[in-house]
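Chain by chain, the residues:
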Amino acid sequence: DLAWTLLDLGGLLCRMGELAQARAVFEEQLSLAEEVAALAPEDLRTRRSLSAGLRNLAELLLKQDDSDGAAALGQQAFEVARGLAEETPGEFNTLEDLAKAHLMLGRCQEATAALPEAIQNSQRAVEIFRELLRRDENSEAAKNDLIQGLERMGDLLALQAEEAGAFEFYSEAFLLCRA
């Protein structure tokens, strides 16, 4: 639980603009999660926190214009999340982690000018988020995750001058926001 608490603290520090402190907290969280995951690889909760920590640190590095560092962490987060999803097929939380890892990897790929890969990963995130919302139609978290993914896809397609596709994703996000 300490690893999850450190994630929350790092997130708060990011929102406060204290990026250096947030980075130190995220790095401490990753060290702890890696250590526990090595000792107890069957502990899915710890491995989920490892994936989340990698995503959060990747996000912070994007804010600091370190797209290469972010891309490396985004890929690691994806690998951890994919492994968890393969071990627990269909499990809601690990699918949610996988979708978030796809979305983060897409953001990192966009930052390194790999737009086709960014679109592919963001599209996969949207597909998973749609499935999660179908499973739990009352989940505000699943709805918000899907909206974020749809907006991301709209942004990416707009960058590619694919206005019609971008419009479809933005429109779907809009309808979900109003629902």
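Residues numbered from 1 in each chain as written. Predicted model: local features only at pLDDT ≥ 70, side-chain atom pairs only at ≥ 80, totals over all residues. Heavy atoms only, no water.

Some points on the overall build of the chain
- Secondary structure summary: the chain contains 8 helices and 0 strands in total.
- What you see for the chain is a C-alpha radius of gyration of 16 Å, in line with the 16 Å of a compact globule of 179 residues.
- For the chain, the spread of C-alpha atoms along the three principal axes comes to 50 × 35 × 30 Å.
- When the 179 residues of the chain are sorted by exposure, 47% land in the buried category.
- Of all intrachain contacts in the chain linking residues separated by at least 6 positions in sequence, the fraction that spans at least 24 positions is 57%.
- When the accessible surface of the chain is split by element, carbon and sulfur atoms take 52% of a total near 9,100 Å². (Helix = DSSP H or I, 4+ residues; strand = E, 2+ residues; numbered from the N terminus. Rg over C-alpha atoms; globule rule 2.2 N^0.38 Å. Buried < 20%, exposed > 50% of the residue type's maximum accessible area, 1.4 Å probe, protein only. Contact = heavy atoms within 4.5 Å. Areas by Shrake-Rupley, 256 points an atom, 1.4 Å probe, with all protein chains shown as cover.)

Some thoughts on unusual backbone geometry
- Non-glycine residue Asp 65 carries a positive phi angle of around 60°.
- Relative to the elements of secondary structure, Asp 65 occurs in the loop between helix H3 (44–63) and helix H4 (67–87).
- On the basis of relative accessible area, Asp 65 is assigned to the exposed category, the value being 72%.
- Positive phi, close to 60°, is recorded for Ala 161, a residue that is not glycine.
- Along the chain, Ala 161 turns up in the loop between helix H7 (140–159) and helix H8 (163–178).

Some remarks on the nonpolar core
- Phe 129, Leu 146 and Leu 150 are the most contacted members of the largest nonpolar core, which has 29 residues in total.
- Secondary-structure elements contributing two or more residues to this core are H4, helix H5 (92–111), helix H6 (115–135), H7 and H8.
- A total of 9 residues in this core trace back to one element, the largest contributor, which is H6.
- Excluding anything up to four places from it in sequence, Phe 129 contacts Glu 96, Ala 99, Lys 100, Leu 103, Asp 145 and Leu 146.
- Judged by nonpolar contacts, the second largest core, of 24 residues, contains Leu 7, Ala 52, Leu 62 and Leu 84. (Core = buried A, V, L, I, M, F, W, Y, C linked by side-chain atoms within 4.5 Å.)

Considerations on the packing of H6 against H7
- Axis separation between H6 and H7 bottoms out at 9 Å; the angle between their running directions is 155°. Overall, the two elements H6 and H7 adopt an arrangement that is roughly antiparallel. Both H6 and H7 take part in a crossing whose hand is left-handed. Contacts between H6 and H7 involve Leu 115, Ala 118, Ile 119, Ser 122, Gln 123, Val 126, Phe 129, Arg 130, Leu 132 and Leu 133 from the first element and Ala 142, Lys 143, Asp 145, Leu 146, Gly 149, Leu 150, Arg 152, Met 153, Leu 156, Leu 157 and Leu 159 from the second.
- Considered class by class, the residues forming the contact of H6 with H7 number 14 nonpolar, 3 polar and 4 charged. (Axes fitted to C-alpha atoms, helices over the stretch in contact; angles between N-to-C directions. Parallel < 35°, antiparallel > 145°, perpendicular 65-115°, else oblique. Left-handed = near helix turned anticlockwise from the far one by under 90°. Nonpolar A, V, L, I, M, F, W, Y, C, P; charged D, E, K, R; others polar.)

Some remarks on the environment of Gly 74
- Tracing the backbone shows Gly 74 in helix H4.
- Spatially, the C-alpha atoms of Gly 74 and Gln 160 are 22 Å apart, while their sequence positions differ by 86 residues.
- Beyond its immediate stretch of four places on either side in the chain, Gly 74 contacts Ala 58, Leu 105 and Cys 108.

What about H4?
- The terminal C-alpha atoms of H4, which comprises 21 residues, lie 30 Å apart, in line with the 30 Å expected from a rise of 1.5 Å per residue.
- Restricting attention to buried positions, one finds in H4 the residues Ala 70, Leu 73, Gly 74, Ala 77, Phe 78, Val 80, Ala 81, Gly 83, Leu 84 and Ala 85.
- Looking at the buried positions of H4, the neighbouring elements they touch are H3 and H5. (Expected span 1.5 Å × (residues − 1).)

Notes on the pattern of salt bridges
- Under the criterion given, the structure shown has 13 salt bridges.
- Ionic pairing is found between Asp 97 and Arg 48, a salt bridge with its closest N-O pair at 2.5 Å. With Asp 97 in helix H5 and Arg 48 in helix H3, this pair connects stretches of sequence that are 49 residues apart.
- For Arg 48, a relative accessible area of 15% puts it in the buried group.
- Via salt bridges that share partners, Glu 110, Arg 152 and Asp 155 belong to a single interconnected network. (Salt bridge = Lys/Arg side-chain N within 4 Å of Asp/Glu carboxyl O.)

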